[in-house]
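The residues making up each chain are set out below.
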Amino acid sequence: MNVKSKEKKEDSTFELVIEVGAEEFENALDKVYRKSRGKIAVPGFRKGKAPRKVIEGMYGSGVFYEEAVDALYPDALAQAVEQEKLDMVAYPKVDVLEVGKNGFAFKAVVTVKPEASIGDYKGLTAEKEEPSVTDEDVENELKPFIQRATRLVAVDREAKVGDTVVIDFEGFDDGKAFEGGKGENYPLELGSNSFIPGFEDALVGSKAGDEKDLDITFPEDYGAKELAGKAVVFKVKVHEVKESEVPEVDDEFAKDVSEFETLVDFKKDLEEKLMTRRKDQAERTYVDTITEKLIALTDVKIPDAMVDYRAEQILNEYVNRITSQGISIESFMQMTGENPDMLKKEAHAAAEKQIQSELALDAVVAAEKFEITEEEMDDEYAKLAERYKLTEEQAKSTIHADDIKLTLSRRKALELVKASAKKSKPKKASAAKAEGADDAEKKEKPKKRTTRKKAEPKTEE
């Protein structure tokens, strides 16, 4: 492999012309021949026994060229990129320029990580919420446990809102049963609005053993077009009326639904866990705000190819996560109401945000000239090995050292920016509203025109 030329182009790209010599190309041609000869029929020879020269004589000297080039150029390109110290961030565009018995040459347009510069990133101001947990919050945390422990008990009385009725039902349109309108021993909570409007209301006051005909009209915007806006009749038989029996929330309840002996200890644990979640969320929001400010301070032009490549990676990972759960991506889109274009758009937006954040942090790393020590590398490998149930040797062979250094450098950059940042409390809703009104009033006043250049915005802004 030889890099014949290297030329810097626009949009963070380099054009490389790479040559692969005769000896290397000949070895590749021979491998292709040996792999393919069993599939090629040549008169006078048993399949797989025809000499290479005979095959080339029949089909042309270049019969094996394409496969040989395809086999060689990826490694040749990788060696060239490493030799020229290019940080490739997207799929390259490759064109074969010439090919013959003396080897081949190809042109590769390589997109590299763009250079970024950053403004004053120290002393940024960002809001950070100080989370709190009230008694009401703890009671809300209890509700799911209470709901799971609540039992339905049959009662001998008329059904009321909140009760569950166990019913058989079948819907008829002009005397004919329609598809999807039938159910047996169906538990329906009255007031849940899980059935079409009017159905549940018509069953309030019914008792076990009642049989009713319900005159119901489907909504105009109903999903099944053949039923939208139609007046139908549902024949219903009520088997049971059940009410919810809510458990007594006491120490016995706590023992039943948790690992704690007392309700006080159970509530304390719920409070601590909720506080941890809220602190974590406040920290994530704070970091997001800091990152947004860093992005705003970063001067960089991100190549489209870089975003497209990252978006494809994100989308592939997303699809793999869905399909690994035994759900096809088609079924998932049907359930969520999404389509391929929507998924691609979301992946593209996520890719752009990721890249902006990384380039901003990389600019801080460059400015600070961070260096990662061997001890820091070993510590990180040990953590990764523990997380993924690997030995440290396996972790080192799986995860490239450059990727670890990059991760640790960015982590240091973010910690430095956070350490120098000034935290402010979030504005109260009323104050923010008043401030917004003041801003609106200012916007309404006519401004003087001036030819003077606007001052550069302050870092905090």
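Everything numeric in this text was worked out from a predicted model, so none of it was measured. (Residues numbered from 1 in each chain as written. Predicted model: local features only at pLDDT ≥ 70, side-chain atom pairs only at ≥ 80, totals over all residues. Heavy atoms only, no water.)

Topic: the overall build of the protein chain
Thinking step 1. In terms of regular secondary structure, the protein chain is built from 14 helices and 13 strands.
Thinking step 2. Against the compact-globule benchmark of 23 Å for 461 residues, the protein chain has a radius of gyration of 34 Å, which places it well outside the compact range.
Thinking step 3. Taken along the three principal axes of its C-alpha coordinates, the protein chain extends 95 × 80 × 60 Å.
Thinking step 4. Intrachain contacts of the protein chain at a sequence separation of at least 6 include 67% that bridge at least 24 residues.
Thinking step 5. For the protein chain, the centre of its 76 positive side-chain charges and the centre of its 100 negative side-chain charges are spaced 6 Å apart. (Helix = DSSP H or I, 4+ residues; strand = E, 2+ residues; numbered from the N terminus. Rg over C-alpha atoms; globule rule 2.2 N^0.38 Å. Contact = heavy atoms within 4.5 Å. Lys, Arg positive; Asp, Glu negative; His and termini not counted. Charge placed at Lys NZ, Arg CZ, Asp CG, Glu CD.)

What to know about the sheet that holds strand β3 (residues 93-100)
Thinking step 1. Strand order across the open sheet formed by 4 strands is β1-β2-β4-β3, with antiparallel pairing between neighbours. Looking at strand neighbours, the two that pair on one side only are β1 (2-9) and β3, the edges of this open sheet. Across the sheet, the mean angle from the axis of one strand to that of its neighbour is 15°, orientation sign disregarded.
Thinking step 2. In the packing of helix α3 (residues 65-83) onto the sheet, the strands contacted are β1, β2 (13-20), β3 and β4 (103-111), and the crossing angle to β4 comes to about 50°. (Pairing = 2+ DSSP bridges. Axes fitted to C-alpha atoms, helices over the stretch in contact; angles between N-to-C directions.)

What to know about a nonpolar patch on the surface
Thinking step 1. Where nonpolar side chains cluster on the molecular surface, the patch consists of M58, Y59 and V63 and spans about 270 Å² of accessible area.
Thinking step 2. Position of Y59 among the secondary structure elements: in helix α2 (residues 52-59).
Thinking step 3. Residue class for Y59 comes out partly exposed when judged on its relative accessible area of 47%. (Patch = residues over 30% accessible without salt bridge, like charges linked within 9 Å, V, L, I, M, F, W, Y side chains within 5 Å. Areas by Shrake-Rupley, 256 points an atom, 1.4 Å probe, with all protein chains shown as cover. Salt bridge = Lys/Arg side-chain N within 4 Å of Asp/Glu carboxyl O. Buried < 20%, exposed > 50% of the residue type's maximum accessible area, 1.4 Å probe, protein only.)

Quick word on the pairing of β4
Thinking step 1. Of all 9 residues that make up β4, 7 are buried, and the element is covered over most of its length.
Thinking step 2. Across 8 bridges, β2 lies against β4 in antiparallel orientation. Note that in β4 the partner of E19 across the bridge is A105.
Thinking step 3. Relative to β4, β3 runs antiparallel, the two being bridged by 7 bridges. Paired with D95 across the strands is K107, a residue of β4.
Thinking step 4. Hairpin geometry of β3 and β4 is characterised by an intervening segment of 2 residues between the two adjacent antiparallel strands.

Examining the packing of aromatic side chains
Thinking step 1. Following the criterion strictly, the structure yields 20 aromatic pairs and no others.
Thinking step 2. Between the aromatic rings of F169 and Y186, the centroid separation amounts to 5.9 Å while the plane-to-plane angle is 85°, which identifies the pairing as edge-to-face. With a gap of 17 residues between them, F169 in strand β8 (residues 164-173) and Y186 in strand β9 (residues 176-189) connect regions that are remote in the sequence.
Thinking step 3. One aromatic cluster is present, built from ring pairs that chain together F169, F178, Y186, F195, F199, F218, Y222 and F234.
Thinking step 4. Above the ring of F145, the side-chain terminus of R148 is found at 4.9 Å from the ring centroid. (Phe/Tyr/Trp six-rings, centres within 6.5 Å; stacked < 30°, edge-to-face > 60°. Lys NZ or Arg CZ within 6 Å of the ring centre and 35° of its normal.)

Describing the confidence of the model for the protein chain
Thinking step 1. Overall, the predicted model of the protein chain reaches an average pLDDT of 90, with 93% of residues at or above 70.
Thinking step 2. Contacts of residues 429-461 to residues separated by more than four positions or lying in other chains number 9 contacts, the stretch itself having pLDDT below 50. (pLDDT = per-residue confidence, 0-100.)

Let's talk about helix α11 (residues 374-387)
Thinking step 1. Its 14 residues place the ends of α11 20 Å apart at the C-alpha level, agreeing with the 20 Å of an ideal helix rising 1.5 Å per residue.
Thinking step 2. For α11, the full list of buried residues reads M377, E380, Y381, L384 and A385. The buried side chains of α11 occupy one side of the element, clustering within an arc of 140° when seen end-on. Those residues of α11 that are exposed and angled more than 90 degrees off the buried face are E375, K383, E386 and R387. (Expected span 1.5 Å × (residues − 1). Arc of directions from axis to C-beta.)

Looking at the nonpolar core
Thinking step 1. Formed by 29 residues in total, the largest nonpolar core has its most connected members in F25 and F106.
Thinking step 2. Taken together, the elements giving at least two residues each to this core come down to β2, α1 (22-36), α3 and β4.
Thinking step 3. At 8 residues, α3 tops the list of elements feeding residues into this core.
Thinking step 4. If we ignore the near neighbours within four places in the chain, the residues touching F25 are V20, Y65, A68, V69, L72, V99, G100, G103 and F104.
Thinking step 5. F178, L190, L214 and V232 belong to the second-largest nonpolar core, a separate cluster that totals 21 residues. (Core = buried A, V, L, I, M, F, W, Y, C linked by side-chain atoms within 4.5 Å.)

Some words on the pairing of β1
Thinking step 1. Bridge count for β1 against β2 is 7 bridges, and the pairing is antiparallel. Across the sheet, E7 pairs through a bridge with E15, a residue of β2.
Thinking step 2. Linking β1 back to β2 in an antiparallel pair, the connection comprises 3 residues, with D11 at a positive phi of about 55°.

A short note on the side chain of T13
Thinking step 1. Here T13 is to be found in strand β2.
Thinking step 2. Residue classification places T13 among the buried residues on the basis of a relative accessible area of 11%.
Thinking step 3. If sequence neighbours within four positions are ignored, T13 has contacts with E7, K8, V109, V110 and T111.

With respect to the pattern of salt bridges
Thinking step 1. On inspection of all chains with the given rule, the structure shows 33 salt bridges.
Thinking step 2. In this structure, E376 and K412 form a salt bridge, with 3.1 Å as the shortest nitrogen-oxygen distance. Taken as a pair, E376 in helix α11 and K412 in helix α13 (residues 401-420) lie far apart in primary sequence, 36 residues in all.
Thinking step 3. Judged by its relative accessible area of 27%, K412 falls in the partly exposed class.
Thinking step 4. One connected set of salt bridges, linked through shared partners, spans E26, D30, R34, R52 and E56.

Examining a negative patch on the surface
Thinking step 1. The grouping of D304, D308, E312 and E352 at the surface amounts to a negative patch.
Thinking step 2. With 3 residues, the top contributor of residues to the negative patch is helix α8 (residues 304-323).
Thinking step 3. By the element assignment, D308 lies in helix α8.

Thoughts on the packing of helix α10 (residues 340-368) against α13
Thinking step 1. Running from N to C, α10 and α13 cross one another at 85°; their axes reach a closest spacing of 9 Å. In this view, α10 runs roughly perpendicular relative to α13, as classed from their interaxial angle. Touching E358, L361, D362, V364, V365 and E368 of α10 are L406, S409, R410, A413, L414, L416 and V417, all from α13.
Thinking step 2. Residue composition of the contact of α10 with α13, grouped by class: 8 nonpolar, 1 polar and 4 charged. (Parallel < 35°, antiparallel > 145°, perpendicular 65-115°, else oblique. Nonpolar A, V, L, I, M, F, W, Y, C, P; charged D, E, K, R; others polar.)

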